[in-house]
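Results of the structural survey
Each chain is listed here by its residues.
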Amino acid sequence: MTVDITPLRRYRNETPYPFCPGCGHGSILDKLSEALATIDIDPASVVVVSDIGCAGLSDQYFDTSAFHGLHGRSITYATGVKLARPELTVIVIMGDGGTGIGGTHLINAARRNVGITVLVFNNLNFGMTGGQHSTTTPDGAVTATTPGGNLEHPLDICATVGVNGAGYVYRGTSFDDDLSTRIVEAIRHPGFALLDIWELCTAYFVPANKFTRRGLESTIERLGLATGVLYQHDVAEYATAYRAASRDLPSRMRPVGIPTTHPSPLTDTTSLVVAGSAGAKVRSAARLVGEAAIRSGLWATQRDDYPVTVKTGHSLSEVVLGPRPAAPVGVTVPDVAVVVSADGLRKVQPMLAAMGLNGVVFTIPEFADVVTGARLVVIDPTASPVRIPKAQLALVLLTAAVARLGLFPVEAMTEAAAAGAFAEENLAAIEAGRGL
Amino acid sequence: MREYIDGSTAIVRGALDAGCTFFAGYPITPASGILMAMMRELPKVGGVAIQGEDEIASIGMCIGATLAGSRAMTATSGPGISLYSENIGLAVMGEVPLVIVDVQRLGPSTGGATTVSQGDVQFVRWGTGGGFPIIALAPSTVTESYWLTAKAFDLAERFRCPVFVVTDKELATTLTTVDLESYPTIQVRDREVGSGGPPYRYAPADEVAPLHEFGRGATVRFTGSTHDTGGYITKHLPTVDALNRHLSEKIEDHRDEIELADADLEDGAPTLVIGYGVTGGAVRAAVAEARRRGIRVSGLVVQSLWPIPETVIRRAMEGVDRVVVPELNLGLYRREVERIAAGRSVVGVNRVDGELIDVDQIVEAVT
Ligand SMILES: Cc1ncc(C[n+]2csc(CCOP(=O)(O)OP(=O)(O)O)c2C)c(N)n1
Ligand code: SF4
Ligand SMILES: [Mg+2]
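Here the structure is a predicted model, which is why all the values come from computation and not from measurement.

**As for the coordination of the magnesium ion (ligand 3)**
Residue and element names in this part refer to chain A.
- Within the first shell, the magnesium ion (ligand 3) binds the protein through Asp96 (OD), Asn123 (OD1) and Asn125 (O), at distances of 2.1 to 2.2 Å.
- Read in sequence order, the donor residues coordinating the magnesium ion (ligand 3) give the pattern D-x26-N-x1-N. Here Asp96 is found in helix α3 (residues 96-101), whereas its partner Asn123 is found in the loop between β4 (117-122) and β5 (125-126), with 27 residues between them in sequence.
- Residue Asp96 is classed as buried on the basis of its relative accessible area of 2%.

**So, the site of ligand 1**
- Not every one of the 17 residues close to ligand 1 is listed here, only the nearest: A:His25, A:Cys54, A:Asp96, A:Gly97 and A:Gly127.
- What surrounds ligand 1 is not a single chain but chains A and B.
- The separation between an oxygen atom of ligand 1 and a polar side-chain atom of A:His25 is 2.8 Å.
- About the coverage of ligand 1: the protein hides 77% of its 580 Å² of free accessible area.
- Among the secondary structure elements, those contributing two or more residues to the shell around ligand 1 are α3 and β5 of chain A.
- Broken down by element, the residue count for the shell around ligand 1 peaks at three residues, all from α3(A).

**Description of the domain arrangement of chain A**
- When the domains of chain A are assigned, the result is domain 1 (25-246) and domain 2 (270-435).
- On a C-alpha basis, the centres of domain 1 of chain A and domain 2 of chain A stand 59 Å from each other.

**Considerations on the sheet that holds strand β13 (residues 271-276) of chain B**
All names here are of chain B.
- Overall, mixed pairing links the five strands, which are arranged β12-β14-β13-β16-β17 in an open sheet. Each edge of the open sheet carries a strand with a single partner, namely β12 (261-264) and β17 (345-350). Averaged over all pairs of adjacent strands, the angle between their axes in this sheet comes to 20°, without regard to strand direction.
- Strand direction decides the pairing type here: β12 and strand β14 (residues 297-302), joined by four bridges, are antiparallel. Bridged to Ala261 within β14 is Val302.
- Contacting β12, β13, β14 and β16 (322-327), helix α9 (residues 279-292) crosses the sheet at an angle of about 170° to β14.

**Describing the domain arrangement of chain B**
All names here are of chain B.
- Considered domain by domain, chain B is made up of domain 1 (2-182) and domain 2 (262-366).
- Taking the mean C-alpha position of each, domain 1 and domain 2 sit 26 Å from one another.
- For the pair domain 1 and domain 2, the summed buried surface comes to about 1,800 Å²; carbon and sulfur atoms form 60% of the total.
- One can count one salt bridge joining domain 1 with domain 2.
- For the salt bridge of Glu144 with Arg284, the shortest nitrogen-to-oxygen distance reads 3.1 Å.
- Where domain 1 packs against domain 2, one counts 13 residue pairs in polar contact (both at pLDDT 80 or more).
- Sort the elements by how many residues they give to the side of domain 1 that touches domain 2 and helix α5 (residues 121-126) lands first, with four residues.
- Here the side of domain 1 that touches domain 2 is composed, by residue class, of 14 nonpolar, seven polar and four charged.

**Quick word on the pattern of salt bridges**
- One pass over the structure, following the stated rule, counts 50 salt bridges over all chains.
- In this structure, the salt-bridge partner of A:Arg303 is B:Glu355, at a minimum N-O distance of 3.4 Å. Taken together, the residues A:Arg303 in strand β11 (residues 299-305) and B:Glu355 in the loop between β17 and α12 (359-366) connect one chain to another.
- Taking relative accessible area as the criterion, A:Arg303 reaches 7% and is therefore assigned buried.
- Exposure remark for B:Glu355: the relative accessible area of 30% places this residue in the partly exposed category.
- Close ionic contact of B:Asp353 with B:Arg351 constitutes a salt bridge, the shortest N to O distance being 3.0 Å.
- Owing to a relative accessible area of 51%, B:Asp353 belongs among the exposed residues under this scheme.

Calculation rules
Residues numbered from 1 in each chain as written. Chains lettered and ligands numbered in written order. Predicted model: local features only at pLDDT ≥ 70, side-chain atom pairs only at ≥ 80, totals over all residues. Heavy atoms only, no water. Donors = N, O, S within 2.8 Å, 3.2 Å for Na, K, Ca; no water. Helix = DSSP H or I, 4+ residues; strand = E, 2+ residues; numbered from the N terminus. Buried < 20%, exposed > 50% of the residue type's maximum accessible area, 1.4 Å probe, protein only. Near = heavy atom within 4 Å. Polar contact = N/O pair within 3.5 Å; in protein donor to acceptor, adjacent residues only side chain to side chain. Areas by Shrake-Rupley, 256 points an atom, 1.4 Å probe, with all protein chains shown as cover. Domains from an automatic or database assignment. Pairing = 2+ DSSP bridges. Axes fitted to C-alpha atoms, helices over the stretch in contact; angles between N-to-C directions. Contact = heavy atoms within 4.5 Å. Buried area = accessible area lost by both parts, 1.4 Å probe. Salt bridge = Lys/Arg side-chain N within 4 Å of Asp/Glu carboxyl O. Nonpolar A, V, L, I, M, F, W, Y, C, P; charged D, E, K, R; others polar.

Given below as structure tokens:
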């Protein structure tokens, strides 16, 4: 008979901890090492992501994979690792300092339930930088930056991640006998798991507050904070859920070629500005003109100008058409202007004034008195046998402009519209425009 | 056949063709188009895209994912680059391949969200502490947006560092007609992956060690602190010195592999116009127009902004006594050109009102 003896895998290396005598960090790390040995996973597939501060030094005492990044951002790196490789075991070690500066990452990782395990080494102050107060420093506590006693209310880390969806949440101290068991549970939990582990900073918090192990426990009690496993429920792990949701998607985008189906008589570059109101399909109408021009063998560019609030104010599109390719450049004085609303008019008034006799301005009767040096063509949409919705005015007037100036065949517009979105209403607008 | 496409779409396609498998970003005009397209497209190719809770999280996730084997990209605009700053340093220090797209808008601060600018050219160069070299590419057309993005992925792997693609509101959102045949194929090198042994190497100083990824059989240590080749924090003077020289020399000693510019030089022309990014289009048009008017002039559109392509610029300056540098800022790149121009007169054509530089403005400066 043969017996296979698997040697216990090693997670903790030989290097002694660098922490001050009595510092809680070392005891928690011993418990982590015990927990990893219990689970018995390949150390190379365990990634310890350490934050900054004394707690952030931790990864160097482990023979696992390690990522030591920036202050407060450990959860973001851990999230990236887990999203890329869900099969890896990702453990974050962060101080209460890191929890404060990176609070938003904590909340959002909990909310998403990214399957990482976060150990908060909560010693109630910034150890490494000299004992300043952190977001978890109890009210009244004396620190390097609260010499008269802390006036701020301490953050309840567990409640914060718990109410926001975290799968597993535990609060305890570095002295808890069952800590390694709880770490095992947390690592085995598929979702976001957090252990808020209170401990002593013997260099700063302890001397400044005559603090003891008993003090840790009584402070937790005084603040009315519960201990033990506070939240534990089944959740869908984010990286796994993402992969499941990605199944059966169509294939990725590829270039969509536009065929040349018509000739254009244009021999020179022609610039066209359409000015209307934001949210009134100015840009999409201009795009159809460009696509139709390409169908007619031309080269088009389209630059848009609009305020950040996409549904109010002006919307301006500059379309430049020509027989040869050209880089997009600014249009100062266009050859053709199409004005369909007061918002648009306000924006292009100086442009219209600068236009000369060779230019043409297309507009509606409402703006028939516009000041311009260009030839004015007033088109009355009410003359159309069909009712023209306001949002189609741009396309109607653009079609009229294309037809009257003979830039390219209107059939090219029809084809472009038929191949695109909202085909039916756009085709109706083009029909109306060519009839006016 | 031709297509009607904007620069954002070209960047996304360039990234997908270069093998990008991870994207994280936070919405910001005018870079949101890239985020939305990546959210839609990446899961289709087996990749992962996520909207981070902020820009710090987004670039952090990209760095984590890269160490776990992904090829990552993120995209933002000036305000987001500000938030990337500390993590750019982490990527430099930890030698993380990563592509960062900056779709410039008018700054400072929130500035003009929908307004074009080239105000970030020095910001991307010096956007993190420490003063180490940065690679930045600047497309001037949609086609270049495509292939320079792919090139950025290639250079990121070659040099194990973050590489910027610096574009702007106009290039990213302007629709342009592009001949489908005109897209060049960029060979993006496979990642050289190391396993076992120290994850870093500092000698020879200019050489780049293969990237050690998590979960490939051996343990891997990664750190943003000053570290030895094993990834352990160190204050050992010779090691610290070797690390810092390595971070610089791996790029500085190989600038010839990065230099990219589109030169249109005319023999004996007394004037050279140097532009980059969206202004490059106006430079090309102005050179053509000036020549049509009988003026002898050369044009140079810089595609690799950083490190500044000194060799090509020097060559283009031979026999030239006047250099014109149009840009959508108050002369941020001009000062770099002045350093190389050695006594030649260097004039700027600058615009910061949020409009593009007019071709005529450049022609005027040339005459
Ligand atoms: C962005 C940034 N700001 C400030 C610091 C300085 N710093 C180093 S450690 C630390 C606090 C660490 O406190 P904590 O996370 O509680 O860890 P501890 O030292 O108590 O274990 C700070 C603020 C930093 N490294 N990065
Ligand atoms: S300063 Fe505080 S946290 Fe840091 S090692 Fe010493 S006791 Fe521990
Ligand atoms: Mg602390």
